[in-house]
Amino acid sequence: MTYPANDAFPLLAINQDRLWARHMEMARIGAIEGDGSCRLAMTSEDSEARTLLAKWCRDAGLEMTVDGAGNMFAVRAGRDPARAMVASGSHLDTQPHGGRFDGVSGVLAALEVVETLNDAGIETDAPLGVVNWTNEEGVRYGPGLLGSAWYAGLIDDDALSRVRAADGIFFEDEAKKRGWLGEGSDKVPIGTFVELHIEQGPILEREGLQVGIVTSVQGLVWLDVKVTGMDAHAGTTPLDHRQDALLAAARMLAALNDAGRRCGEAARVSVGRLTTATDGPSTIVGHAEFVVDIRHPDARTLAALRDECASICRAVGEGAGCEVAVDERISVPPTDFDQRCIAALENGAVARGYDHRRISSGALHDAANVAKIAPTAMIFVPCKDGISHNVREYASPEDLAAGTNVLMDAMLSLAGLRTQSRS
Ligand SMILES: [Zn+2]
């Protein structure tokens, strides 16, 4: 049967109070001033959070496995052993000045779905899984999204064994010491993955929506731009006799921003770092370098925007008498999520009458890695003023509950529901 289109089976609702109370209890671990959380991966705080999650999962009757990257999988058995697991989750680690919701909400929402089904006595054909991916934030150990990258085969055992913190401690040694490293390199099989996450941006709140159905994670290109003019005396060199690399760079920055705006709402063009070869108030800058961070959910538009940004820099440089070199440093293609998973989430939002829209994710998420090997999609919950990676991060109990209800609908639809066992 399909869920939720059935008169005989009214829509279940998750327990909003329990979900919220779990957020607050988790936030006590690594609590910092101003409602924040600090749980860097594989620290004692992260370990304590994992222990609490494991206890909750055990209490809910789930079977816990930890894999070779420390990813936690808590499994609720299905009725059909041949069916692959429908999993959901996110991460419990945080930024140094992180909030109570980034990642945490996705793990606790998955657990809440399972507990709601337990309460209602509902079984599914496929097993359900609650996942905590290791080291999403990549603060102490780089790269970020470490656990899901290893899980999806994007980094191998060798690369994982070389991951170490700035203080020299190897990730695997730390994980093992704390009891969070499984044996071997076998992966716990996932058939489908759906991740709930706070939006970390302002769009849903601005548009008064409860739920965002995430169709893709945008792609990213970094361009290294080097602008070379000539050092000169600020007092003796007339304005029309200069090859001012800093002035050229400033004009490039303004023109790059214009290009991003022309490309539409989904485009992002940013320069967050600019360095000059000289640093004196009376020297005309002869050399400047900066990095352009370009993002878009559509691969072709991203490529076109990259080319436009490169030619803008060359043209502006030429007009300013400077030489310009543009090199692509990083290119991460956009990830399109699975249509069936997207539809399952959207059906849930429609059935419940929630105001929603399709949206692309501006940030990277574990789901983008999992999408490389299994059908995957995400659901976004609004967060106040779009603030994240900040102690002031906030999502309301009502919005978290709405998102978790939609997550439950999607998981039931993907896992196959058996109503006859309902008590
Ligand atoms: Zn996150």
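The structure presented is a predicted model; accordingly, all values stated were derived computationally and were not measured.

Digging into the packing of helix H2 (residues 44-59) against helix H3 (residues 104-120)
The geometry of H2 relative to H3 is characterised by a closest axis approach of 10 Å and an angle of 10° between their N-to-C directions. On the basis of their axis angle, the class for H2 and H3 is roughly parallel. Where H2 crosses over H3, the two elements pack in a sense that is left-handed. Residues Leu53, Trp56 and Cys57 of H2 pack against Val107, Leu108 and Leu111 of H3. Per-class residue counts for the contact of H2 with H3 are six nonpolar, no polar and no charged.

Details of unusual backbone geometry
Phi is mostly negative for residues that are not glycine, and the peptide bonds are mostly trans. The peptide bond linking Gly142 to Pro143 adopts the cis configuration, its omega dihedral lying at 0°. The topology assignment puts Pro143 in the loop between strand E7 (128-132) and helix H4 (146-151). Positive phi, normally seen in glycine, also occurs at Met42, with a value near 65°. Of the residues examined, Met42 reaches a relative accessible area of 0% and is grouped as buried. In the Ramachandran plot, Leu145 falls in the positive-phi region, its phi being about 55° despite a non-glycine side chain. Within the secondary structure layout, Leu145 lies in the loop between E7 and H4. Looking at Leu145, the relative accessible area reads 14%, which means it is buried.

Topic: the nonpolar core
Membership of the largest hydrophobic core comes to 95 residues, with the highest contact counts inside it found for Met26 and Ile190. Setting aside its immediate chain neighbours within four residues, Met26 contacts Arg39, Ala49, Leu52, Leu53, Trp56, Leu92 and Val104. Val227, Ala249, Val285 and Cys309 belong to the second-largest nonpolar core, a separate cluster that totals 27 residues.

A closer look at the coordination of the zinc ion
Around the zinc ion, the protein contributes the donor atoms His91 (NE2), Asp102 (OD) and His197 (NE2), which lie 2.0 to 2.2 Å from the metal centre. When the donor residues of the zinc ion are listed from N- to C-terminus, their spacing reads H-x10-D-x94-H. Taken together, the residues span a long stretch of sequence, with His91 in the loop between strand E5 (86-90) and H3 and His197 in strand E8 (residues 192-198) at a distance of 106 residues. Under the relative-accessibility criterion, His197 is labelled buried at 1%.

Here's the deal with the side chain of Arg22
Note that Arg22 resides in helix H1 (residues 16-27). Not counting the four nearest positions on each side in its chain, Arg22 is found in contact with Trp56, Leu108, Leu111 and Glu115.

Side note on the domain arrangement of the protein chain
Splitting the protein chain by domain gives domain 1 (16-217 + 334-418) and domain 2 (226-332). Once you take the C-alpha centre of each, domain 1 and domain 2 turn out to be 38 Å apart. Taken together, the seven residues of domain 1 in the interface contact eight residues of domain 2. Summing both sides of the interface, domain 1 and domain 2 together bury roughly 510 Å²; the carbon and sulfur share of this comes to 50%. Our count for the domain 1 to domain 2 interface comes out at one salt bridge. Remark: the boundary between domain 1 and domain 2 carries zero residue pairs in polar contact (both at pLDDT 80 or more). In terms of residue class, the side of domain 1 that touches domain 2 is built from one nonpolar, three polar and three charged.

Conventions adopted
- Residues numbered from 1 in each chain as written.
- Predicted model: local features only at pLDDT ≥ 70, side-chain atom pairs only at ≥ 80, totals over all residues.
- Heavy atoms only, no water.
- Axes fitted to C-alpha atoms, helices over the stretch in contact; angles between N-to-C directions.
- Helix = DSSP H or I, 4+ residues; strand = E, 2+ residues; numbered from the N terminus.
- Parallel < 35°, antiparallel > 145°, perpendicular 65-115°, else oblique.
- Left-handed = near helix turned anticlockwise from the far one by under 90°.
- Contact = heavy atoms within 4.5 Å.
- Nonpolar A, V, L, I, M, F, W, Y, C, P; charged D, E, K, R; others polar.
- Buried < 20%, exposed > 50% of the residue type's maximum accessible area, 1.4 Å probe, protein only.
- Core = buried A, V, L, I, M, F, W, Y, C linked by side-chain atoms within 4.5 Å.
- Donors = N, O, S within 2.8 Å, 3.2 Å for Na, K, Ca; no water.
- Domains from an automatic or database assignment.
- Buried area = accessible area lost by both parts, 1.4 Å probe.
- Salt bridge = Lys/Arg side-chain N within 4 Å of Asp/Glu carboxyl O.
- Polar contact = N/O pair within 3.5 Å; in protein donor to acceptor, adjacent residues only side chain to side chain.

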